[in-house]
Amino acid sequence: MPDLPGTGRFRRGSRTDSSIAVVSELNLILVGPPGAGKGTQAERLTEDFNLPYYATGNILRAAVAEGTELGRQAKEHMDAGRLVPDELIVGVILEALKTEEAADGFLLDGFPRNVSQADALGAALDGVGRRLTAVLLIDVSDDEVVRRLSGRRTCTKAGHTYHVEFDPPKHEGVCDQDGSKLVQRDDDKPETIRNRLRVYHEQTEPLVEYYEQRDLLRRFDGSRTPTEVHDHVRATIATLRLEDEL
Ligand SMILES: [Zn+2]
């Protein structure tokens with residue numbers, strides 16, 4: 001890939017926060033159950049540390065849209081209703097990591113989901129001379145996830161969303177914006193959420209152990225407010241970076 005001075009380089013050089021002026025790579029993975037608030041944390045962290053955020057689904061779709069070789073291969077699997085093979089996903093991730101914006105690190109979400117994917121990613125990173133800095137686990141109890149997700153209500157007319165506890169409509173069961181009826185979608189029903197959580201635990205627990213054994217796992221209490229979680233994650237990352245420089 002040609003070097004492009006004045007684009008990524010300029011942005012990297014324009015940092016003003018002196019605490020992040022000396023850079024070691026921050027190669028991070030974000031893990032957590034649905035409803036843990038990963039999206040919110042990712043948004044804040046990518047801003048704090050000027051990292052690109054790679055949600056696997058998004059970079060796969062981007063590769064497909066750009067019509068890269070890997071994207072074309074991935075599309076064949078998607079069109080056929082098959083899972084995209086791990087090695088293809090790893091390939092797409094590696095392509096993203098080669099870009100200038102990822103030179104100092106990245107925040108990866110949605111991959112790996114199991115131990116064999118973790119092995120594949122680790123080997124691929126080794127191959128390009130990089131290694132993970134940490135795996136950030138935002139931990140939330142199943143009951144709390146169910147409480148957060150099952151409170152969601154959706155308007156039948158335009159899909160406006162509310163939460164019975166955190167963002168209730170003015171009148172129960174009625175959309176503020178168009179007066180239509182609010183319903184609980186099947187996806188938001190407790191039994192559906194519990195099923196998703198069961199799958200999550202089956203896949204993630206071995207992964208958590210895998211990264212714990214490699215001393216990469218950092219746990220955060222996702223039952224705290226988003227700001228508290230963010231403060232904790234940010235402080236932890238700052239410490240990791242210091243350790244890395246010693
Ligand atoms: Zn509505």
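Cut-offs used in this document
Residues numbered from 1 in each chain as written. Predicted model: local features only at pLDDT ≥ 70, side-chain atom pairs only at ≥ 80, totals over all residues. Heavy atoms only, no water. Helix = DSSP H or I, 4+ residues; strand = E, 2+ residues; numbered from the N terminus. Contact = heavy atoms within 4.5 Å. Areas by Shrake-Rupley, 256 points an atom, 1.4 Å probe, with all protein chains shown as cover. Expected span 1.5 Å × (residues − 1). Buried < 20%, exposed > 50% of the residue type's maximum accessible area, 1.4 Å probe, protein only. Arc of directions from axis to C-beta. Core = buried A, V, L, I, M, F, W, Y, C linked by side-chain atoms within 4.5 Å.

1. Here's the deal with the overall build of the protein chain
- Looking only at helices and strands, the protein chain features nine helices and eight strands.
- Contacts in the protein chain between residues far apart in sequence, at least 24 positions, make up 71% of those at least 6 positions apart.
- Summing over all exposed atoms, the protein chain offers an accessible surface of approximately 13,700 Å²; the carbon and sulfur share of this is 50%.

2. Observations concerning unusual backbone geometry
- Of note, the amide linkage connecting Phe 111 to Pro 112 takes the cis form, showing an omega dihedral of -5 degrees.
- Note that Pro 112 resides in the loop between β3 (105-109) and α6 (115-127).
- One non-glycine residue, Asn 50, lies in the positive phi region at around 55 degrees.
- Relative to the helices and strands, Asn 50 resides in the loop between α2 (38-49) and β2 (53-55).

3. So, α2
- Between its terminal C-alpha atoms α2 stretches 16 Å, which fits the 16 Å expected from twelve residues at 1.5 Å a residue.
- Burial in α2 covers these residues: Lys 38, Gln 41, Ala 42, Leu 45, Thr 46, Asp 48 and Phe 49. An end-on view of α2 places all buried positions within 160 degrees of arc, on one side of the element. For α2, the exposed residues set more than 90 degrees away from the buried face come down to Glu 43 and Glu 47.
- Positive backbone phi, at 55 degrees, marks Asn 50, one or two positions downstream of α2.

4. What about the nonpolar core?
- By size, the foremost hydrophobic cluster in this structure holds 34 residues, and its most contacted members are Ile 29, Tyr 54, Ile 93, Leu 97, Leu 132, Val 135 and Tyr 211.
- Contributing elements (two or more residues each) for this core: β1 (26-31), α3 (56-66), α5 (86-97), β3, α6, β4 (134-139) and α8 (190-213).
- Looking at this core element by element, the count peaks at eight residues for α5.
- Ranked by size, the runner-up nonpolar core spans 22 residues in total, among them Leu 28, Leu 136, Ile 193 and Val 229.

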